[in-house]
Amino acid sequence: MATTTPSPTRSATTRTTRTTRTTTRTYNDAIDALNSLQTPYAAIEARRRAGIRPDATSVREMRAYLARIGYTPRDLDRLNIVHVAGTKGKGSTCAFVDSVLSRYQRRGGSPRRVGLFTSPHLIAVRERIRINSAPISEELFAKYFFDVWDRLEANADVAADDAAPGSKPIYARYLTLMSFHVFLSEGVDAAVYETGIGGEYDATNVVEHPVASGISTLGIDHVFVLGDTVDKIAWHKAGIMKPGSPAFTVEQVPRAAEVLKARAAEKGVGLRVLDIDPRLAAVKIRPDATFQKKNATLAVALAETALRRLDPSFSPDPDALPREFVDGLEQVVWRGRCEVKVEDHVIWHVDGAHTVDSLKMAARWFVGECAGRAGGGPRVLIFNQQGRAEAVDFLDGLCNTVKDTGRGFEHVIFCTNVTYAATGYKRDFVNHQHNPADIEKMTQQRVFADRWKKLDPSANVMLIPTIEEAINAARGLASGEHKVQALITGSLHLVGGALGILESADAL
Ligand SMILES: Nc1ncnc2c1ncn2[C@@H]1O[C@H](COP(=O)(O)OP(=O)(O)OP(=O)(O)O)[C@@H](O)[C@H]1O
Ligand SMILES: [Mg+2]
Ligand SMILES: [Mg+2]
C-alpha cells in the first residue's frame, strides 16, 4: 500500500485541487480525492455562458482513460452489459434487472457475479457500484479508487490526443471508469449500466457491444446539456443503441418515439417498443402505477435478453414469468423512491422525483397513500432542488396535483441540501457545483416560497436552512391523535440526507 495520498494533477477538466494530503488511503481519502474532481460552480457557469455543450470528445476521452488504466473497449464485452438510458425510470429499471439477475446468480450457474452501476447516489458514493446487489465495501472502494488513480498517473501520456496528459476524468466519469475496473477485476459477467446524462456522449457510452440497450420513459430534463425539446433529448438517449445489440423501449410521447425509430433505422438496430407485459398481471409491482409497470416491462425484456446470452438453455415462457423474475421484481430494493416510513407522530413519504413529470407522479402516489388512511393529520411538504433555476416550475404540478384532491399541503417547508444543523454536509454529499452564496442566503428557496404562496395562498410556507431542522419542524406539527402526513421530495440529495436522519445512521 502506498503511503501518500496523491494530489490531483492539473487537467483540462479538473480546475481546482482540494485533496487533503493524508498518509493513508481510506474510503474518506478516496471521497475527498473524488470530490476534487467535481467541476466547480464557476467553471460550470462559464461553460453555460459560452454555450459549450458535450460532444463526441467525452467518449474519446473515456477511451483514452480506459487505455491508461489498462483496458480496451473490447475488454468490456466480458461484462455482458445491459445499458439503460431515459429521462425517468433508468435507475428503477436497472434495479429490477439487477434484482432478477441476482436471483439467477444465487441459484448458481449463470451469471456468476452481477454488477450494477447507477447514479446519482442516495446515501453514500459507493452505492453507485454494486456487486450481487450490495454496494462495494469501503475498503474495496478505496482500493480500486486509488488503483485507477495510480494507473492514470503512471500512464499519463497514453492517448495524449484524446485526453490531456496527466489529467483525470471528472467526477461521474471517474466513477464510470472505476466501475469497469471493479467489475473486470471482481469477475463480474453480467453488468447493468445506467447512463449519467443523455446517452450519445455519456461516459458509459464507451461500451460498444452491450447485450441489450433499454430506453425508459423520455421527458424534459437537463435541457442545458441535452436540448429543450423531447426530440432533441430522444436523439441523445438513442445514442446507446448499437448495431448487433437488441434495443427496447416503452411507449413514448409521439415526437420521442419518432426520433428513436429513426435513429434505430439509421443504425440498423431492431428497436422493439413494448406494451406493458401481460405477464406482470401476476406480479405485485410497487408502487402499483403505470410508470412502474413500464419500468418493469423494460426490465423483463432486458433481463431475458441477458439471460439468453449467458445461458443458451434459457428460454422465456410467453405465458408466465419464472419464479426468479417474480421474486426479483417483487422484492427489489430501490431506496428513496416511493418509500413510506412510519414514526409515532409522522408518516413520511419519501421520493426522489426531480422533474416536472416525475413530481406529478410522486404527488399522485402521496395522495393515493393518504387516501387509504382514515382521518389524517396535517399534510406537510419538505422540498428542495438545488442549483437549477428551472426547478421553480416543478412546483405547479406538485401543488395542483395535491390541491385537486380537495385538500392541499397545509405546511410547506423549503430547505437547502445541507444535511445537519451543526456539522453541515456528510462527505459523500459535498457538492462544489452549487453556488455557496445561494445556499447561505437560501436564494433558491425564497423563489420557491414566493411561487408556492401564489399557487396556494392558504398554505403556511416556511424557509428552514437544513434537512435536519426541516424534519424536526415537521415532527413539531403533530398534535392530537392524527399523524402528520409528510412528503419529502424534489431531490435525491434531499431524500438521501433525510433517510440518513430518519434512520439516525448510515442508511445503506
Ligand atoms: N417511467 C417513469 N416515468 C415517470 N416517472 C418515473 C418513472 N420511473 C420512475 N419515476 C419517478 O422518478 C423517480 C426517480 O426514478 P429513477 O431513480 O428510476 O429515475 P432515474 O431515471 O434513474 O432518475 P435520475 O435522473 O435521478 O438518475 C421515482 O422516484 C419516480 O417518482
Ligand atoms: Mg436525471
Ligand atoms: Mg438514476
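Residues numbered from 1 in each chain as written. Chains lettered and ligands numbered in written order. Predicted model: local features only at pLDDT ≥ 70, side-chain atom pairs only at ≥ 80, totals over all residues. Heavy atoms only, no water.

Peer 1: Please give an account of the packing of helix H12 (residues 356–371) against helix H13 (residues 394–403) that cites residues and values.
Peer 2: The interhelical angle for the contact between H12 and H13, taken along N-to-C directions, is 20°, at an axis separation of 8 Å. Classified by the angle between their axes, H12 and H13 sit roughly parallel to one another. Relative to H13, the crossing made by H12 is right-handed. Touching Val356, Leu359, Lys360, Ala363, Arg364, Phe366 and Val367 of H12 are Phe394, Gly397, Leu398, Thr401 and Val402, all from H13. Its residues assigned to classes, the contact of H12 with H13 shows eight nonpolar, two polar and two charged. (Axes fitted to C-alpha atoms, helices over the stretch in contact; angles between N-to-C directions. Helix = DSSP H or I, 4+ residues; strand = E, 2+ residues; numbered from the N terminus. Parallel < 35°, antiparallel > 145°, perpendicular 65-115°, else oblique. Left-handed = near helix turned anticlockwise from the far one by under 90°. Contact = heavy atoms within 4.5 Å. Nonpolar A, V, L, I, M, F, W, Y, C, P; charged D, E, K, R; others polar.)

Peer 1: Could you give me a rundown of the side chain of Asn417, with the residues and numbers involved?
Peer 2: Among the structural elements, Asn417 can be located in the loop between strand E12 (411–414) and helix H14 (436–441). Since its relative accessible area comes to 5%, Asn417 is described here as buried. Within the local environment of Asn417, its side chain forms a polar contact with the side chain of Asn384, the two groups lying 2.9 Å apart. Among residues more than four places away in sequence, those in contact with Asn417 are Asn384, Gln386, Tyr425, Ile467, Ser491, His493 and Leu494. (Buried < 20%, exposed > 50% of the residue type's maximum accessible area, 1.4 Å probe, protein only. Polar contact = N/O pair within 3.5 Å; in protein donor to acceptor, adjacent residues only side chain to side chain.)

Peer 1: An account of the site of ligand 1 is needed here, citing residue identities and associated values.
Peer 2: Close to ligand 1 lie 20 residues; Lys88, Gly91, Ser92, Asp351 and His354 are nearest. The side chain of Asp351 places a nitrogen or oxygen atom 2.7 Å from an oxygen atom of ligand 1. Contact with the protein chains removes 96% of the 630 Å² of surface that ligand 1 exposes when unbound. By residue number, the principal contributor to the shell around ligand 1 is helix H4 (residues 90–106), which donates three residues. Looking at the shell around ligand 1 residue by residue, the classes come out as six nonpolar, nine polar and five charged. Both domains that meet at the shell around ligand 1, namely domain 1 (71–135 + 168–330) and domain 2 (339–502), each give it at least three residues. (Near = heavy atom within 4 Å. Areas by Shrake-Rupley, 256 points an atom, 1.4 Å probe, with all protein chains shown as cover. Domains from an automatic or database assignment.)

Peer 1: Run through the confidence of the model for the protein chain, naming residues and quoting values.
Peer 2: Summary statistics for the protein chain give a mean pLDDT of 92 and a share of 95% for residues scoring 70 or more. Below a pLDDT of 50 lies the segment residues 1–22, which in the model reaches 59 contacts outside its immediate sequence neighbourhood of four places, other chains included. (pLDDT = per-residue confidence, 0-100.)

Peer 1: Give me the lowdown on the domain arrangement of the protein chain, citing residues and values where you can.
Peer 2: Domain boundaries in the protein chain define domain 1 (71–135 + 168–330) and domain 2 (339–502). On a C-alpha basis, the centres of domain 1 and domain 2 stand 30 Å from each other. Of the residues lining the interface, 14 residues belong to domain 1; the matching set on domain 2 comes to 15 residues. Between domain 1 and domain 2, the buried area comes to about 1,200 Å², and carbon and sulfur atoms account for 62% of it. Our enumeration of links across domain 1 and domain 2 arrives at one salt bridge. For Arg388, the salt bridge identified is with Asp221, shortest N-O distance 2.3 Å. Between domain 1 and domain 2 we count four residue pairs in polar contact (both at pLDDT 80 or more) in total. (Buried area = accessible area lost by both parts, 1.4 Å probe. Salt bridge = Lys/Arg side-chain N within 4 Å of Asp/Glu carboxyl O.)

Peer 1: With reference to specific residues and values, describe the UniProt feature "binding site: ATP" (unreviewed entry) in the protein chain.
Peer 2: As annotated by UniProt and renumbered to match this structure, "binding site: ATP" (unreviewed entry) occupies Arg337 and Asp351. Residue placement: Arg337 occurs in the loop between helix H11 (323–330) and strand E9 (339–342). Take Arg337: its relative accessible area is 23%, and that puts it in the partly exposed class. Apart from residues no more than four positions distant in its own chain, Arg337 is found in contact with Leu122, Val350, Asp351 and Leu492. Within the local environment of Arg337, its side chain forms a polar contact with the backbone oxygen of Arg335, the two atoms lying 2.6 Å apart. Relative to the helices and strands, Asp351 resides in strand E10 (residues 346–351). When sequence neighbours within four positions are dropped, the list of residues in contact with Asp351 reads Gly336, Arg337, Cys338, Ala362, Trp365, Ile488, Thr489, Gly490 and Val495. Side-chain polar atoms of Asp351 contact the backbone nitrogen of Cys338, separated by 2.8 Å. (UniProt positions renumbered as here; feature names shortened; annotations may be inferred.)

Peer 1: Report on the sheet that holds strand E11 (residues 379–383), specifying residues and quantitative values.
Peer 2: On the basis of which strands lie adjacent, the open sheet formed by six strands has the order E9-E10-E14-E11-E12-E13 and mixed pairing. In the strand order of this sheet, the two ends are held by E9 and strand E13 (460–463), each with one partner. The mean inter-strand angle of the sheet, taken between neighbouring strand axes irrespective of direction, is 20°. Contacting E11, E12 and strand E14 (484–489), H13 crosses the sheet at an angle of about 165° to E11. (Pairing = 2+ DSSP bridges.)

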